[in-house]
Amino acid sequence: MPDDWTTRINTGVPNPARIYDYFLGGKDNFPADREVAEQVVAIAPVALDIVEDNRAFLRRVVRFLAGEAGIRQFVDLGSGLPTQGNVHEIAQATAPDARVVYVDNDAMVVTHSRALLAGRNTVAIEADLRDPDSVMEHPEVRQLIDFDQPIALLLLAILHFVPDDEDPFGVVARFRDALPAGSYLAISHGTRDIPARTDMSPEAMAEMGAKVERLYQLTTASLVTRTRARVERFFDGFDLLDPGLVEIQLWRPDESEPLLPGGFYGGVGRKR
Amino acid sequence: MTALDNSGGMADCVAIPLPGELMTEGRTAPAGPTVQRMLVGAKLRRLRTEMGLSREEAGEAIRASEWKIHRLENGQVGFKERDIIDLLRLYQVTDPTEVAEFVSLAREANTPGWWQHYGDVLPQWFRTYVDLESAAALIRTYEGQFIPGLLQTDAYMRAVVQGAHLDESAEELGRRVRLRMARQQLLTREQPPRVWAVIDEAALRRPVGGREVMAGQLERLIEATKLPNVTLQVLPFEVGAHAAMLGAFSILRFADRELPDVVYLEHLTNAVYLDKRDEAERYLDVMESICDESEPPARTVELLEKLLDEV
């Protein structure tokens, strides 16, 4: 069979969602993905810990939002391939009536999400977060989500795939303006900032970051790390909850989890 | 021994008397010997490569050939306890607890799977499938001609068997159906596997067994979509040419990270199992493509109801 049978899903080109799946020990990745992923791990072995830490961050954030914050509507932008402990599973464990929309622009991610995640009070749609209206006006979103009630917008490990020339700050602001007061924004974002506890020099850190970013240029979405101040700008119009924008490992950690901070910033804000 | 197709088919249907208590088997999630052997083999391979040893060098330690190591690591043969202990020593695994766990895993790998109760009912090559299927966490399947076996009704299955002119008695046919039903129990057991099936429109339109049987089968499919662990997608005619036109296949995925996906292809008189990553991934690629081209799962019931009206 010729290779060009596959049109929308091209397994021959490295893909960030499948690379992430590889980091998490999943099996939905292909040689092209693994080639890049293995190079990333060779340069930054910590990548494997960071993706696990990001999953743990997601768990804690969603548990907080569904529990203490009382949120019943979640929109997960750039949701990625289904794995263990997906947003609706975490949210509905706390609040069985929680409604969840998974949004991704990747055909394989959407196919898997529709097959494996969608169900009662949960839908998966194909849309590009860089076009907020296409998400918010999507009929399935309109059917499930009430824009007069508080909504939690999850942007985890995704905004670092939106370069500045695609106006990531404008995109987040557009979503913000459509959310009612009392809604929440959760973000995690890759950074080259020096972790609090490391023996790496700023030069070594910068070099590592640059190398990883170069590798991601081979994929379908390039990676743009940002500084703390830049990531904080996404929260314009939101009040950051304690402990603020911190390394994800430090955001309300479970006691059982070891604290080796670094790699990603994370925070949760409440719309004024 | 004969078969048309696993999922459509008759491989699990070779007529030999069945003991009656078998219908209760297979409700829990047994790993089954094939998978246990693959798991032990995969662990041995990892340990050996971590030590930088060749298969030949490992073979010497257990007075065996490179080929024997190859077969052990691929889970193709059972394990002798002494071999396991000698290999672990060579791989510098000396913690007694770790060694004991390994030996116990290898021992489990030598015990028979639930289907062994069926004696000679199953052709050997299909036993492996039943074993793998009952251990899988995710079963992805594409069917072009049949309704997948795990979702067939009794009557549909009888009609398929009759259509194949196997020339057998009513009693034999009855036994086949019972065995199929035993396999189907995995859908509703505790911790069932996720089944994600793509069914070609052709399989849904061919009135196997006549209108009544086909209507019953379509209703069964509609019921199946209500199971939380079953996803059905219809691959419509309007898609035209697609990546899976060569025919039916299944991909079995196991929860254990060390176990590779296994692709199952069935022929009339035997079956092929592909677990080499590059081969299995060609099929995974095809599966991704047809899942994307098929109607989304949320439309399946509507499509099945339309077909039901047209039967």
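Residues numbered from 1 in each chain as written. Chains lettered and ligands numbered in written order. Predicted model: local features only at pLDDT ≥ 70, side-chain atom pairs only at ≥ 80, totals over all residues. Heavy atoms only, no water.

1. What to know about the overall build of chain B
And step 1. When you go through chain B residue by residue, the secondary structure sums to twelve helices and six strands.
And step 2. Burial statistics for chain B: of 311 residues in total, 54% are counted as buried.
And step 3. Taking as baseline every contact in chain B between residues at least 6 positions apart, the subset at least 24 positions apart corresponds to 76%.
And step 4. For chain B, the accessible area works out to roughly 13,900 Å², and carbon and sulfur atoms hold 51% of it. (Helix = DSSP H or I, 4+ residues; strand = E, 2+ residues; numbered from the N terminus. Buried < 20%, exposed > 50% of the residue type's maximum accessible area, 1.4 Å probe, protein only. Contact = heavy atoms within 4.5 Å. Areas by Shrake-Rupley, 256 points an atom, 1.4 Å probe, with all protein chains shown as cover.)

2. Notes on the sheet that holds strand E3 (residues 230-235) of chain B
And step 1. Read across the sheet, six strands follow the order E3-E2-E1-E4-E5-E6 (chain B) without closing on themselves; strand pairing throughout is mixed. The sheet terminates laterally at E3 and strand E6 (271-274) of chain B, the two strands that pair on one side only. Shown here is a sheet whose adjacent strand axes are inclined to one another by a mean of 15°, direction ignored.
And step 2. Judged from the four bridges that link them, strand E5 (residues 262-266) of chain B and E6(B) form a sheet pairing that is antiparallel. In the strand pairing of E6(B), Tyr264(B) is matched with Tyr273(B).
And step 3. Relative to the sheet, helix H5 (residues 107-116) of chain A contacts strand E1 (138-143), strand E2 (194-200) and E3 of chain B, its axis offset from that of E2(B) by approximately 110°. (Pairing = 2+ DSSP bridges. Axes fitted to C-alpha atoms, helices over the stretch in contact; angles between N-to-C directions.)

3. Some details on the confidence of the model for chain A
And step 1. Residues with a pLDDT of 70 or more make up 96% of chain A, whose mean pLDDT is 93.
And step 2. Counting contacts from residues 1-6 of chain A, a segment whose pLDDT is below 50, to residues more than four positions away or on other chains yields twelve contacts. (pLDDT = per-residue confidence, 0-100.)

4. Comments concerning the interface of chain B and chain A
And step 1. Listed as interface residues are 27 residues of chain B and, on the opposing side, 23 residues of chain A.
And step 2. Around 2,200 Å² of area is buried between chain B and chain A when both sides are counted, 52% of it from carbon and sulfur atoms.
And step 3. Sorting the residues of chain B by area buried against chain A places Arg257(B), Glu288(B) and Asp292(B) first, and these three jointly supply 25% of that buried surface.
And step 4. On the surface where chain B and chain A come into contact, there are three salt bridges.
And step 5. At the boundary of chain B and chain A, one finds 13 residue pairs in polar contact (both at pLDDT 80 or more).
And step 6. Put simply, the parts of the chain that give the side of chain B that touches chain A at least two residues each are E2 and helix H11 (277-293) of chain B.
And step 7. A class-by-class count of the residues in the side of chain B that touches chain A yields twelve nonpolar, three polar and twelve charged. (Buried area = accessible area lost by both parts, 1.4 Å probe. Salt bridge = Lys/Arg side-chain N within 4 Å of Asp/Glu carboxyl O. Polar contact = N/O pair within 3.5 Å; in protein donor to acceptor, adjacent residues only side chain to side chain. Nonpolar A, V, L, I, M, F, W, Y, C, P; charged D, E, K, R; others polar.)

5. Considering unusual backbone geometry
Phi is mostly negative for residues that are not glycine, and the peptide bonds are mostly trans.
And step 1. Here the amide bond leading from Asp242(A) into Pro243(A) is cis, since omega sits at 5°, within 30 degrees of zero.
And step 2. Relative to the assigned elements, Pro243(A) resides in the loop between strand E6 (238-240) and strand E7 (246-247).
And step 3. The backbone of Arg63(B) shows a phi angle near 55°, a positive value even though the residue is not glycine.
And step 4. Look at Arg63(B) and you get partly exposed, because its relative accessible area is 48%.

6. Remarks on the packing of helix H3 (residues 47-66) of chain A against helix H4 (residues 87-94) of chain A
The relative placement of two packed helices comes down to the angle between their axes together with the axis-to-axis distance.
Residue and element names in this part refer to chain A.
And step 1. The contact between H3 and H4 brings their axes to 9 Å, and the two run at 40°. Like other packed secondary-structure pairs, H3 and H4 cross with a definite hand, here right-handed. Judged by residue contacts, Leu58, Arg59, Val62, Arg63 and Ala66 of H3 engage Val87, Ile90, Ala91 and Thr94 from H4.
And step 2. For the contact of H3 with H4, the residue count by class is six nonpolar, one polar and two charged. (Left-handed = near helix turned anticlockwise from the far one by under 90°.)

7. Comments concerning the pairing of E5(B)
Residues and elements named next belong to chain B.
And step 1. The buried count for E5 comes to five of five residues, which makes it a mostly enclosed element.
And step 2. Alternating positions in E5 separate into two faces, Val262, Tyr264 and Glu266 on one and Val263 and Leu265 on the other, with burial throughout.
And step 3. Both strand E4 (residues 249-253) and E5 contribute to a ladder of three bridges, which runs antiparallel. Within E5, the position partnered with Ile251 by the bridge is Val263.
And step 4. In sequence, E5 turns back onto E6 through a hairpin of four residues.

8. Section: empty space enclosed by the protein
And step 1. Throughout the structure, instances matching the rule amount to three cavities of 30 Å³ or more.
And step 2. Space inside the second largest cavity adds up to approximately 50 Å³. (1 Å grid on protein atoms, 1.4 Å probe; cavity = no way out; pocket = protein on both sides within 12 Å on 5 of 7 lines; lining within 4 Å. Points joined across faces, edges and corners; volume = space filled by probe spheres on them.)

9. Some words on a negative patch on the surface
All names here are of chain B.
And step 1. A cluster of acidic residues, Glu56, Glu57, Glu60 and Glu66, forms a negative patch on the protein surface.
And step 2. For the negative patch, the element with the highest residue contribution is helix H2 (residues 55-61), accounting for three residues.
And step 3. Note on placement: Glu66 falls in helix H3 (residues 66-73). (Patch = residues over 30% accessible without salt bridge, like charges linked within 9 Å, V, L, I, M, F, W, Y side chains within 5 Å. Lys, Arg positive; Asp, Glu negative; His and termini not counted. Charge placed at Lys NZ, Arg CZ, Asp CG, Glu CD.)

10. Digging into helix H5 (residues 96-109) of chain B
For the α-helix, the turn length of 3.6 residues means that residues three or four positions removed from each other point alike.
All names here are of chain B.
And step 1. Taking 1.5 Å per residue as the helical rise, H5 with its 14 residues ought to reach 20 Å, and the 20 Å between its terminal C-alpha atoms agrees with that figure.
And step 2. The complete set of buried residues in H5 reads Val99, Phe102, Val103, Leu105, Ala106 and Ala109. Each buried residue of H5 sits inside an arc of 160° when the element is viewed along its axis, so together they form one side. Among the exposed residues of H5, those oriented more than 90 degrees off its buried face are Pro96 and Glu101. (Expected span 1.5 Å × (residues − 1). Arc of directions from axis to C-beta.)

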